[in-house]
Every structure is written in C-alpha cells, then in structure tokens.
Amino acid sequence: MTRICDYEGSNYRTEFWENQNRAYEDGVERVAVKKMLPPTGHRLLEIGAGFGRLVDLYSGYQQIVLSDYARTQVEEARQYLGPNDQIVYVVADIYNLPFVDNLFDSTMMIRVMHHLTDVPDALGEIHRILQADGTSLIEYANKRNIKAITRWLLRQQNWHPFEHEPIEFVEMNFNFHPRWMHEQFAQAGLHINSKRSLSHYRIELLKKYLPTDLLVRLDAWVQPTGNYWQFTPSIIVEAQAQKENQTSATGFFRCPQCHNHDLYLTEHPDHEGQLFVCHTCQVGWSYRDGIYDFKTPQALS
Ligand SMILES: C[S@@+](CC[C@H](N)C(=O)[O-])C[C@H]1O[C@@H](n2cnc3c(N)ncnc32)[C@H](O)[C@@H]1O
C-alpha cells in the first residue's frame with residue numbers, strides 16, 4: 001500500500017528553513033533551478049510545493065500551479081506569497097493528480113521524492129500531465145554520497161551506499177541510488193537531459209565559517225559534474241517527456257475518482273465555498289478561500 005508523508009499542520013517553513021542555517025541549501029537549489037528550468041513558458045506545475053519557497057524562480061511562466069498533499073501547506077503558500085493572479089493553488093496527491101493529460105510545459109519537484117514510497121507511480125503521473133517534450137526538474141536524495149560512504153566504511157552505518165535498492169533510513173525518508181533512480185526515469189518515458197549534483201559543501205564547519213555566497217558560488221561551479229558522477233547528498237535531474245503524439249490538453253482538471261474531465265463549479269447549501277462536481281461520478285471537490293481541494297471527496301446529498 002502507498003504510504004504518504006503527511007505535512008498537514010506542520011511548521012515546515014519556520015522549523016526547517018527559518019533561522020536554521022539553511023541559506024546554503026536554498027542557494028544551491030536556486031542556482032540549479034535557474035540553470036535547468038526553461039526560463040519562460042505557458043504553464044508550470046510544482047508538486048509538493050510546500051509554502052512556495054521557490055516560486056519567484058517561475059515568474060517567466062504565464063500560469064503557475066502550486067500543489068501539495070497538505071492543505072495547510074497550500075494555505076501557508078497562499079498567505080506567504082500574497083495575492084497573485086498568476087498562481088493556482090491545488091491540494092492534490094502526486095499519485096493521482098487532478099489534471100488532464102499533457103497540460104504542463106514544465107513541472108518541478110524539489111525535496112519531495114525522498115518521501116515517496118512508489119517512485120514509478122509518481123514518475124508515471126508526471127509523464128502523463130507533461131506535454132510531449134515538456135520539461136521536468138526533479139530533485140532526489142542520493143544514498144551514494146560521500147558522507148554515507150565514509151560512515152559505512154567506518155562501520156557507523158549498517159546500510160550499503162552502493163546497493164541499488166532505495167533505503168528507508170528513517171520512517172518515510174528514502175535515499176536512492178542514482179543508477180536505480182535513472183532507470184525509473186527511463187521506464188517512465190522521461191529522458192534525462194542533464195543532472196546537477198548539489199550541496200558539495202554541506203558541512204557544518206564550512207557553513208559556519210565561510211560566507212554563504214562564496215559556498216554557493218563554489219557549489220555552482222562544480223554542480224555540472226553531476227552529469228558524470230554523483231556523490232553529493234542531493235541530485236537534480238532535468239528530464240523531457242517522451243511521447244509518441246503531440247496531443248494537446250483538453251480542459252484543465254480531471255476528477256481524481258473517475259478521471260473524467262467534465263467538472264462544473266456550483267454552490268451547495270451543505271458546503272462552505274463552492275464545489276467542483278464531476279458530471280460522471282457525482283462526487284464534489286471543494287473550492288474555498290482560493291484553494292481547489294482534490295484530496296477529500298465531498299458527498300452530495
Ligand atoms: C520537504 S517538503 C518540500 C517543500 C518544497 N518543495 C520545498 O522544497 O520547500 C515536502 C512536501 O511534499 C509534500 N508531499 C509529501 N507527499 C506528497 C504526495 N503524495 N503528494 C503531494 N505532495 C506530497 C508534503 O506535504 C510537503 O509539503
């Protein structure tokens with residue numbers, strides 16, 4: 001059974017990012033995204049967007065869809081980013097995205113893969129919603145990193161960093177072997193164009209004594225070596241959706257329950273806000289406070 005790492009109600013922004021000495025990690029991800037993401041486009045989706053930390057990097061897109069499994073994260077993103085007509089907020093599960101096929105020119109997924117128990121299913125969904133030749137940027141945690149190798153050699157770690165199978169080192173936290181991961185991309189029809197290795201200098205002493213800007217610049221310089229070898233804790237892959245035909249998307253949302261595209265927005269006396277109702281299976285999905293919620297089906301009496 002697919003398990004989910006549920007961030008509902010978590011203080012991810014304040015507890016993980018703010019005042020936690022993680023400006024270096026944020027900086028190196030920003031460098032990679034700027035280098036790898038097509039700078040302009042029609043429609044971009046971020047999956048597991050959290051509070052929308054990286055949204056300023058997508059300003060060249062006409063429409064930005066931010067999605068996350070946790071409604072409270074989407075609410076936080078909306079509050080954090082302020083009013084912005086360019087952004088659509090959606091509560092959705094990566095394993096069953098509420099979007100029609102071929103909808104997006106680009107998708108992003110950063111710091112989410114390490115929470116996923118079913119990588120093939122997740123990559124399959126990303127491939128489905130991307131246009132032919134659409135771009136996907138995906139970050140994953142690399143089990144074959146220098147620290148893990150050293151710890152394993154010193155017998156401080158019992159799992160083997162060179163074994164291809166994913167390792168769940170803490171409940172719902174997975175590290176992946178690059179070869180295994182890149183095979184999953186190929187099987188999902190996502191052709192890898194480039195890779196960057198990130199966070200070469202994620203060492204507390206360096207972070208403490210060297211200026212963050214300098215460390216980020218040094219990391220930026222060596223990130224492209226990820227095309228040849230991957231020994232850092234984090235890797236970003238830029239992949240293109242291989243599809244036989246160039247069919248364009250019809251519509252926008254699809255019902256996560258029956259996958260039909262025919263949804264209509266309506267008021268309902270028993271529900272706050274509005275409901276998106278599926279014509280086929282007659283299930284309702286809530287739309288309130290500017291957020292489409294495709295996680296919890298609403299019964300229609
Ligand atoms: C570590 S946070 C990363 C947030 C953001 N990408 C960032 O880098 O700041 C992981 C996010 O993935 C989301 N997530 C976990 N499982 C998910 C799933 N099955 N579908 C969609 N989002 C998921 C969580 O709710 C959480 O917001």
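Rules behind the numbers
- Residues numbered from 1 in each chain as written.
- Predicted model: local features only at pLDDT ≥ 70, side-chain atom pairs only at ≥ 80, totals over all residues.
- Heavy atoms only, no water.
- Helix = DSSP H or I, 4+ residues; strand = E, 2+ residues; numbered from the N terminus.
- Polar contact = N/O pair within 3.5 Å; in protein donor to acceptor, adjacent residues only side chain to side chain.
- Contact = heavy atoms within 4.5 Å.
- Near = heavy atom within 4 Å.
- Areas by Shrake-Rupley, 256 points an atom, 1.4 Å probe, with all protein chains shown as cover.
- Core = buried A, V, L, I, M, F, W, Y, C linked by side-chain atoms within 4.5 Å.
- Buried < 20%, exposed > 50% of the residue type's maximum accessible area, 1.4 Å probe, protein only.
- Domains from an automatic or database assignment.
- Phe/Tyr/Trp six-rings, centres within 6.5 Å; stacked < 30°, edge-to-face > 60°.

Colleague: An account of the side chain of Arg-53 is requested, with residue identities and associated values reported.
Modeller: Topologically, Arg-53 is positioned in the loop between β1 (41-47) and β2 (61-68). Reaching out from Arg-53, the side chain makes a polar contact with the side chain of Asp-26 at a distance of 2.7 Å. If we skip the residues at most four places from it in the chain, Arg-53 touches Trp-17, Asp-26, Glu-29, Arg-30, Ile-110 and Arg-111.

Colleague: Account for the site of the ligand, with residues named and values stated.
Modeller: Residues in close proximity to the ligand total 22 residues, the closest being Gly-48, Arg-53, Asp-68, Asp-93 and Ile-110. Within the side chain of Asp-68, one N or O atom sits 2.5 Å away from an oxygen atom of the ligand. Contact distances for the ligand include 3.3 Å between a nitrogen atom and a backbone N or O atom of Tyr-69. Surface burial for the ligand is 99%, taken as the share of its 600 Å² of free accessible area covered by protein chains.

Colleague: Give a description of the nonpolar core that names residues and reports values.
Modeller: Judged by nonpolar contacts, the single largest core of 46 residues is most densely connected at Val-90, Phe-99, Met-109, Met-113, Leu-123 and Phe-253. No other element matches helix α4 (residues 119-129), which puts 5 residues into this core. When residues are assigned to domains, this core turns out to be shared by domain 1 (12-248) and domain 2 (253-301), each giving three or more. Once residues lying within four places of it in the same chain are set aside, the contact partners of Phe-99 are Leu-45, Val-65, Val-90, Phe-104, Arg-128, Ile-129, Phe-252, Phe-253 and Arg-254. Ala-32, Ile-64, Val-91 and Ile-291 belong to the second largest nonpolar core, which has 29 residues in total.

Colleague: Give me the packing of aromatic side chains: which residues, what numbers.
Modeller: This structure, assessed with the given rule, holds 20 aromatic pairs. Ring centres of Tyr-12 and Phe-16 lie 5.5 Å apart, and the angle between their planes is 15 degrees; on these two criteria the pair is classed as stacked. Linking Tyr-12 with Phe-16, this pair stays in helix α1 (residues 12-17), spanning 4 residues, or about one helical turn. Exposure remark for Tyr-12: the relative accessible area of 18% places this residue in the buried category. Between Phe-16 and Trp-17, the ring centres sit 5.1 Å apart and the planes meet at 75 degrees, which makes this aromatic pair edge-to-face. We classify Phe-16 as partly exposed; its relative accessible area is 25%. Trp-17 sits in the buried class, given a relative accessible area of 11%. Put simply, the rings of Phe-99, Phe-104, Phe-252, Phe-253, Phe-276, Trp-285, Tyr-287, Tyr-292 and Phe-294 touch in pairs and so form one group of aromatic residues.

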